[in-house]
Amino acid sequence: MSVNPSQNLQTSAGKGSTSKLPRHVAFIMDGNGRWATARGLARTEGHRKGLEALRRTIRHAGRIGIEVVTIYSFSSENWNRPKTEVSFLMGLLRRFVQRDLSELHEANVRIRIIGGRSDLEPGILALLAEAEDLTKNNTGLTLVVAFNYGARAEMARAAQNLARKVLAGELSPEAISEEAMSGELDTSGLPDPDLIIRTSGEMRLSNFLLWQAAYSEFYFCDEHWPDFDEAAFDKAISCFGNRERRYGGLDAKAI
Ligand code: IPE
Ligand code: IPE
Ligand code: MG
């Protein structure tokens, strides 16, 4: 996989300027099942195709110079799906790590996993740890894989950690600041997502990055995830470039 962050932005989206490029883009990769059903295929075929879209997306993100890509690969609520679909998705994750890890490593991609780690199969846990460990010193694109991820559970875990520190006398309740909270989340040390893209027409977060999305820009498109390609990505980046982020203040022109 050729992911080359040094080949900085020259897409139609950026119109030659790097100023409005998001640092961190997070994806809610939705619509695999609908993509397959519309073609008379099993839902699992949609997931298989979705993996190709993911590879395309990572490559393109590296090419245009995005620093961090987060992908929602499996939510803590996705366990509620039929057993056959869940085990297919677990198998797909295994295959992704087994087949793509060396290429991602060669492409200087750093992998971070976020989400709950308890109750996961030891085999999966070992693979995830291997991916993080092998790539931890890489300096290119950071790929954050949200697996068994739910934002409310993540925040509850962070609150538990802070409470433990207070109990141990390491922290006063007054020292529980926004920074302290951010520092206990799975995403500690990562920038918040500038842009959150959800495919397939649904307009909700589905328990994704609730804390981190405080000032994210949202982009919803109708394409099902397996159809998401470079042009669709460029379109989202271009749309982001035209947004004005005010963070509660005023536009510079208005002051
Ligand atoms: C997204 O596609 C992939 C996962 C949630 C793992 P879906 O499987 O949710 O596809 P739809 O939304 O049912 O079409
Ligand atoms: C969100 O999609 C989770 C992932 C993309 C992994 P879902 O398809 O699970 O979300 P809902 O059920 O439509 O809210
Ligand atoms: Mg869905």
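Refer to the preceding data block for the structure.
Residues numbered from 1 in each chain as written. Chains lettered and ligands numbered in written order. Predicted model: local features only at pLDDT ≥ 70, side-chain atom pairs only at ≥ 80, totals over all residues. Heavy atoms only, no water.

*Asks:* Explain the overall build of the chain here, please?
*Replies:* When its secondary structure is counted, the chain shows seven helices and six strands. In sequence order, the secondary structure elements of the chain are arranged as β-α-α-β-α-β-α-β-α-α-β-β-α. A compact globule built from 255 residues would reach a C-alpha radius of gyration of about 18 Å, and the chain, at 19 Å, matches this within 12%. Summarising its shape, the C-alpha atoms of the chain cover approximately 60 × 55 × 35 Å along the three principal directions. Across the 255 residues that make up the chain, the buried fraction comes to 46%. Split by element, the accessible area of the chain, about 12800 Å² in all, is 50% carbon and sulfur. Both charge centroids of the chain, one from 32 positive and one from 33 negative side chains, sit 4 Å from each other. (Helix = DSSP H or I, 4+ residues; strand = E, 2+ residues; numbered from the N terminus. Rg over C-alpha atoms; globule rule 2.2 N^0.38 Å. Buried < 20%, exposed > 50% of the residue type's maximum accessible area, 1.4 Å probe, protein only. Areas by Shrake-Rupley, 256 points an atom, 1.4 Å probe, with all protein chains shown as cover. Lys, Arg positive; Asp, Glu negative; His and termini not counted. Charge placed at Lys NZ, Arg CZ, Asp CG, Glu CD.)

*Asks:* Explain the packing of helix α2 (residues 43-64) against helix α3 (residues 83-106) here, please?
*Replies:* A pair of packed helices is captured by two measures, namely the crossing angle of their axes and the spacing between those axes. Between α2 and α3, the shortest axis-to-axis distance is 11 Å and the interhelical angle comes to 25°. With respect to α3, the axis of α2 lies roughly parallel. α3 is crossed by α2, and the crossing has right-handed handedness. Residues R43, T44, H47, R48, L51, L54, R55 and I58 of α2 lie in contact with α3, whose contacting residues are E85, F88, L89, L92, R95, F96, D100 and L104. Looking at the contact of α2 with α3 residue by residue, the class counts come to eight nonpolar, two polar and six charged. (Axes fitted to C-alpha atoms, helices over the stretch in contact; angles between N-to-C directions. Parallel < 35°, antiparallel > 145°, perpendicular 65-115°, else oblique. Left-handed = near helix turned anticlockwise from the far one by under 90°. Contact = heavy atoms within 4.5 Å. Nonpolar A, V, L, I, M, F, W, Y, C, P; charged D, E, K, R; others polar.)

*Asks:* Looking at this model, I keep getting lost on the side chain of N32. Mind explaining?
*Replies:* With respect to the helices and strands, the residue N32 is situated in helix α1 (residues 32-38). Leaving out residues up to four positions away in the same chain, N32 has contacts with R43, G46, H47, G50, W225 and P226.

*Asks:* When you look at the site of ligand 1 in this model, what are you seeing that I'm missing?
*Replies:* Lining the immediate environment of ligand 1, one finds 13 residues, of which M29, D30, R34, R43 and R81 sit closest. Separating an oxygen atom of ligand 1 from a backbone N or O atom of G33 is a distance of 3.0 Å. The separation between an oxygen atom of ligand 1 and a polar side-chain atom of R43 is 2.9 Å. Burial of ligand 1 by the protein amounts to 87% of the accessible area it has alone, namely 380 Å². Judged by the proximity of its atoms to the pocket grid, ligand 1 belongs to the largest pocket. Mapped onto the shell around ligand 1, the elements with two or more residues apiece are α1, α2 and α3. It is α1 that contributes the most residues to the shell around ligand 1, three residues altogether. Looking at side-chain class alone, the shell around ligand 1 contains two nonpolar, six polar and five charged residues. (Near = heavy atom within 4 Å. Polar contact = N/O pair within 3.5 Å; in protein donor to acceptor, adjacent residues only side chain to side chain. 1 Å grid on protein atoms, 1.4 Å probe; cavity = no way out; pocket = protein on both sides within 12 Å on 5 of 7 lines; lining within 4 Å. Sits in = over half its atoms within 2 Å of the grid points.)

*Asks:* Please clarify how the layout of surface pockets should be interpreted in this entry.
*Replies:* If a probe as big as a water molecule is rolled over the atoms, it shows which places are left empty. There is about 640 Å³ of room inside the largest pocket. In this structure, the largest pocket is lined by 29 residues; those nearest its centre are M29, N32, Y72, S73 and F74. Of all the secondary-structure elements, those providing two or more residues to the lining of the largest pocket are α1, α2, β2 (68-75), α3 and β4 (142-149). Considering only residue class, the lining of the largest pocket consists of 14 nonpolar, nine polar and six charged. (Points joined across faces, edges and corners; volume = space filled by probe spheres on them.)

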